Structure formats: structure tokens, C-alpha cells
Amino acid sequence: MKTVSGDLKVFSGNSNKPLAVEICRHLNIEMGRLHAERFADGEIDVQILESVRGHDCYIVQSTCTPVNENLMELLVMIDAFKRASAGKITAVLPYFGYARADRKASARVPITAKLVSNLITKAGADRLMMVDLHAGQIQGFFDIPVDHLQARPVFLDYFQDLRKRDDVVVVSPDVGGVERARKFAARMDAGLVIIDKRRPKPNEAVVYNIIGDVQGKTCIIFDDIADTAGTLAVVSNKLKEGGAKCIYAVCTHGILSRNGVDKINNSPIEKLIITDTLPANRNLGPKVVVLPISYILAEAIQRNHDGMSISDMFN
């Protein structure tokens, strides 16, 4: 087992540098110097511009759009740190792409989340930090330690004024997200509603039933990912038909691809609250609120460096 005696250093790829800058600000350190560019033919060119020998190094890189470019950049960076004799390499993935391909949902399909975990491990990472995985079992795909961080404290702070109100319910947009929504509802001291949803094909959702009472309620749809926002639009319309008084949506990872922002703007949703695990410098419209998650990542990094418990952050 490696022991780390060197300084804490944080580096960033190109996927979400503003988040890495904020993490370093909370840690009160300068961000490490690293060159990550492209050769003329598109190949990735990485060089670490300072010594990392024996140091505790953290690489911040979300595998967001362009997903494959950012994933490959992460692998190349990890390899560079390994060959530069870093004491310990922790890959910090605020958003872990391919997480939805976590099982064989039908015949002759890959389990891409497992493939990506193999690639990261083989590249030389010693540890992973990720925020709100689509499925908790993905942690078991890795043969190295994984810190599964939660954005829940950020959302609880935002909804402070709605906590313990009798008219508030938390809505799970599908059966698979019930445990996630139940934990948030418990912290909000609110009721729980479950949506009976089916996906006839990827990025398309059909709602069949609402399990629970939403008449006259303030509903908070709680999910981990908003990709095309199709589920949020369909579910919010169904809740409105069911008599919901006010509808909010919460998603840690606001991908909002294709016409996702338009779907939110044209839906009954009052506000969609996301975090900056993905770059927030996009035109997200008046309904989308982006909350910072850098302080959670910074505290987790500091605790890991100091050998302290990370789970205590979320108890």
C-alpha cells in the first residue's frame, strides 16, 4: 500500500476548469500547472509542468460533452502522473459518463460503465471520487477505492424554507430512483411520491401512474441526471394534471442536451436546480438555477489527504 507524504496538488483537464479553480480556492492552494492540448490530427498532448514526484495528486475531470474526448484526456493525464512518479493519483470525476450503461438491460448490449472503470484503473489511478452516481453498484466495478460523494447538502440548503412543510412532497421520477428520493424526503421531512414510468427507447419517457397524493402539493422532482429533460417534462405535466400546486426539479448533473432547456422552459416546472459538475457557462434560460458544489469536493479532497472520514460529511 502506498503512503503519501508529499504535498496536496490539484490539477485540471479541459472539461470543467472553472470548477477546479473553485476547488483550489476553497483549499487555499494554487492549481497545478499542466498542459493538455491537441496535436494537429486530434491526438491528445499532455505534459505536467511541475514536479509531482511523491505528491498526493488530484485530477479534476468530468467525462461530459465531448464525452469520449474528455474520457481519453483523463486516461492520458493519469498515465502522465503515473510515469512522473506521483505518490498517489486520485481521479476526481464530478460527473461520471456512461454511468447509465451499468447492466445488460437487453440482449447483446455492453456494460460500458464497467469498461470505463477498467480503463481508469488500468491507466493507473489509485482512487476515485465521484458525485451522485447513477447507480451505487458502479462503485463495485472498480478494483480501487471509490469515494461516492453526494450533492444532497447543496439542495437541502436551497430548499431550507420548504423543509418540514406539510404540503411538500419529493417525487421519484421512476422506480429506480426511489431510494435516492426517499433519503432526500427524509432530510426534508416531506412525503414521497413515486412515478410509474417506462422507457420505450433511450431519451424517451412515458408516465403511466402517480403513486401517492400530489393534489395541492408543492412537488420536488428529485433525480441524478437531466439529459434531454424529456422525463422532467413528461413527469411535471403529469403532476400538474394530478393537481400539483407548484413543481420544482432537482438534478445533480444538468446535461440538458439537444432541446433540453426549451423543454424545461415550456414545462410547468418553476425552477430546475442543478450543480456545476458540468460546465455552467451555457445559456440555460431563466428557469435553471446552478448551485456550486466545489466546497463539497474541496472538503472531500482535504479529508482524504489528511486521512479523515469522508462519509461523516453526509451523516
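These notes cover the structure that comes with them. Throughout, a residue's number is its position along its own chain's written sequence, starting from 1. Since the coordinates come from a predicted model, pLDDT governs what is reported: local features require at least 70, and pairs of side-chain atoms require 80 or more to be given and counted, while whole-chain, interface and lining totals use all residues. The side-chain numbers reported here are obtained from all heavy atoms of the structure, hydrogens and water having been left aside.

1. Brief notes about empty space enclosed by the protein
Piece 1. Site definitions follow a grid-based scheme: protein atoms alone, a 1 Å grid, a 1.4 Å probe that fits but cannot get out for cavities, and for pockets an open set with protein on both sides within 12 Å along at least five of seven lines, plus lining residues having an atom within 4 Å of a point. Grid points are joined across faces, edges and corners, and a volume is the space filled by probe spheres set on the points. Overall, the coordinates contain one cavity of 30 Å³ or more when judged by the stated rule.
Piece 2. Surrounding the largest cavity, Tyr95, Phe96, Ala99, Met130, Val131, Asp132, Leu133, His134, Ile225 and His253 form its lining.
Piece 3. Of the residues assigned to the lining of the largest cavity, the class counts are seven nonpolar, two polar and one charged. Under the scheme applied, nonpolar residues are Ala, Val, Leu, Ile, Met, Phe, Trp, Tyr, Cys and Pro; charged residues are Asp, Glu, Lys and Arg; polar residues are all the others, including Gly.

2. Some points on helix 5 (residues 178-188)
Piece 1. Think of it in three bands: with a 1.4 Å probe and only protein chains considered, a residue is buried below 20% of the maximum accessible area for its type, exposed above 50%, and partly exposed in between. Comment: elements are numbered from the N terminus, with helices defined as DSSP H or I runs of at least four residues and strands as E runs of at least two. For helix 5, the full list of buried residues reads Val178, Ala181, Phe184, Ala185 and Met188. Looking straight down helix 5, one finds that the buried residues subtend no more than 130 degrees of arc, so they occupy a single side.
Piece 2. Looking at the residues trailing helix 5, positive phi occurs at Asp189, about 55 degrees. The arc in question is the one traced by the directions running from the helix axis out to the C-beta atoms.

3. Structural notes on the pattern of salt bridges
Piece 1. The salt bridge definition used is simple: a Lys or Arg side-chain nitrogen within 4 Å of an Asp or Glu carboxyl oxygen. Under the criterion given, the structure shown has 15 salt bridges.
Piece 2. Between Arg33 and Glu50 there is a salt bridge, with its nearest N and O atoms 3.8 Å apart. One end of the pair, Arg33, is in the loop between helix 1 (17-27) and strand 2 (34-38); the other, Glu50, is in the loop between strand 3 (44-48) and strand 4 (56-60), with 17 residues separating them in the sequence.
Piece 3. Residue Arg33 is classed as partly exposed on the basis of its relative accessible area of 47%.
Piece 4. A relative accessible area of 22% means that Glu50 is categorised as partly exposed.
Piece 5. Ionic pairing is found between Arg165 and Asp167, a salt bridge with its closest N-O pair at 2.9 Å.
Piece 6. With relative accessibility at 33%, the residue Arg165 sits in the partly exposed group.

4. Examining the packing of helix 1 against helix 8 (residues 294-306)
Piece 1. Where helices are involved, their axes are fitted lines through C-alpha atoms of the stretch in contact, as for all axes, and angles between N-to-C directions lie from 0 to 180°. Taken N-terminus to C-terminus, the directions of helix 1 and helix 8 make an angle of 55 degrees; their axes are 8 Å apart at the nearest point. Classed by the angle they form, the pair helix 1 and helix 8 counts as oblique. Remark: the crossing between helix 1 and helix 8 carries right-handed chirality. Along the contact surface, helix 1 presents Leu19, Glu22, Ile23, His26 and Leu27, while helix 8 presents Ser294, Tyr295, Leu297, Ala298, Ile301 and Gln302.
Piece 2. Within the contact of helix 1 with helix 8, the residues separate by chemical class into seven nonpolar, three polar and one charged. Angle categories: roughly parallel below 35 degrees, roughly antiparallel above 145, roughly perpendicular from 65 to 115, and oblique for all the rest. The handedness criterion is simple: a crossing whose near helix is rotated anticlockwise from the far helix by less than a right angle is left-handed, and one whose near helix is rotated clockwise is right-handed. Here, residues are in contact when the closest pair of their heavy atoms is within 4.5 Å.

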